[in-house]
Amino acid sequence: MRARPHERFSAEVRLTPTMVADYAHAAGDTNPIHHDPRFAASSRFGRLIASGTHTTALLLGLTASHFSKKGSMVGLEFWVRFRRPVFADETVQLEWLVVKVTPNAKLKGDVVELRGRIRGENGETALGAKGRVLVTERL
């Protein structure tokens, strides 16, 4: 079996303002909250924050990195909920839990249901997520 229920995997990521600004610009997100410190200082957040696409990409990237070690993997669907900002100078914990593994003969692999989150330095959940991926021997 390439995945098992209750399996957990995680990674720590140290964000920097440069990394956050570069990602936002590359993604086409010109919101100054991601790259203009003066603007961000006057916002409700008080400092630069990472874009939602950036934090989501980090979490989804962890699934690809983890399951690609066990075979081939492709995402089927993901759902995210933003609960609090992730600051551009923050170290965050990316975490996933395998909830269910269902063999799928038609897809020639296992459909893996996941629950995940990103926790900030203060331990609070900044982003909650659910997902389904296909883990198979070959795509």
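Trainee: Summarise the pattern of salt bridges; cite the residues concerned and give the values.
Mentor: This structure, assessed with the given rule, holds 8 salt bridges. Across the pair Glu95 and Arg117 runs a salt bridge, and its minimum N-O distance is 2.6 Å. With Glu95 in strand β3 (residues 91–104) and Arg117 in strand β4 (residues 109–119), this pair connects stretches of sequence that are 22 residues apart. One network of salt bridges, with partners in common, ties together Arg4, Glu7 and Lys70.

Trainee: Summarise the sheet that holds β4; cite the residues concerned and give the values.
Mentor: In space, the 5 strands of this open sheet follow the order β1-β3-β4-β5-β2, with antiparallel pairing throughout. Pairing within the sheet leaves two strands with one partner each, and these edge strands are β1 (8–14) and β2 (72–82). Ignoring which end each strand starts from, the neighbouring axes of this sheet average 20° apart. Taken strand by strand, helix α3 (residues 52–68) contacts β1, β2, β3, β4 and β5 (125–136), and its axis lies near 150° from that of β2.

Trainee: Mind laying out the packing of helix α1 (residues 17–26) against α3, listing which residues take part and the relevant values?
Mentor: At their nearest, the axes of α1 and α3 sit 9 Å apart, and the two run at 100° to each other. Judged by the angle between their axes, α1 and α3 are roughly perpendicular. For the pair formed by α1 and α3, the contact residues are Met19, Val20 and Tyr23 on the first element and Thr53, His54 and Ala57 on the second. Classifying every residue of the contact of α1 with α3 gives 4 nonpolar, 2 polar and no charged.

Trainee: I'd like to hear about the environment of Arg115, residue by residue, with values.
Mentor: If you trace the backbone, Arg115 turns up in strand β4. Among the residues examined, Arg115 registers a relative accessible area of 46% and is labelled partly exposed. When the C-alpha positions of Arg115 and Glu95 are compared, they lie 8.4 Å apart, and in sequence the two are 20 residues distant. With residues near it in sequence (within four places) discarded, Arg115 still touches Glu95, Trp96, Leu97, Val99, Ala129 and Lys130.

Trainee: Now, about unusual backbone geometry: what can you tell me, with residues and values included?
Mentor: Residues other than glycine seldom take positive phi values, yet His6 does so here, at roughly 75°. Note on placement: His6 falls in the segment before β1. The phi torsion at Lys108 lies on the positive side, around 55°, for a residue other than glycine. Take Lys108: it is sitting in the loop between β3 and β4.

About the cut-offs
- Residues numbered from 1 in each chain as written.
- Predicted model: local features only at pLDDT ≥ 70, side-chain atom pairs only at ≥ 80, totals over all residues.
- Heavy atoms only, no water.
- Salt bridge = Lys/Arg side-chain N within 4 Å of Asp/Glu carboxyl O.
- Helix = DSSP H or I, 4+ residues; strand = E, 2+ residues; numbered from the N terminus.
- Pairing = 2+ DSSP bridges.
- Axes fitted to C-alpha atoms, helices over the stretch in contact; angles between N-to-C directions.
- Contact = heavy atoms within 4.5 Å.
- Parallel < 35°, antiparallel > 145°, perpendicular 65-115°, else oblique.
- Nonpolar A, V, L, I, M, F, W, Y, C, P; charged D, E, K, R; others polar.
- Buried < 20%, exposed > 50% of the residue type's maximum accessible area, 1.4 Å probe, protein only.

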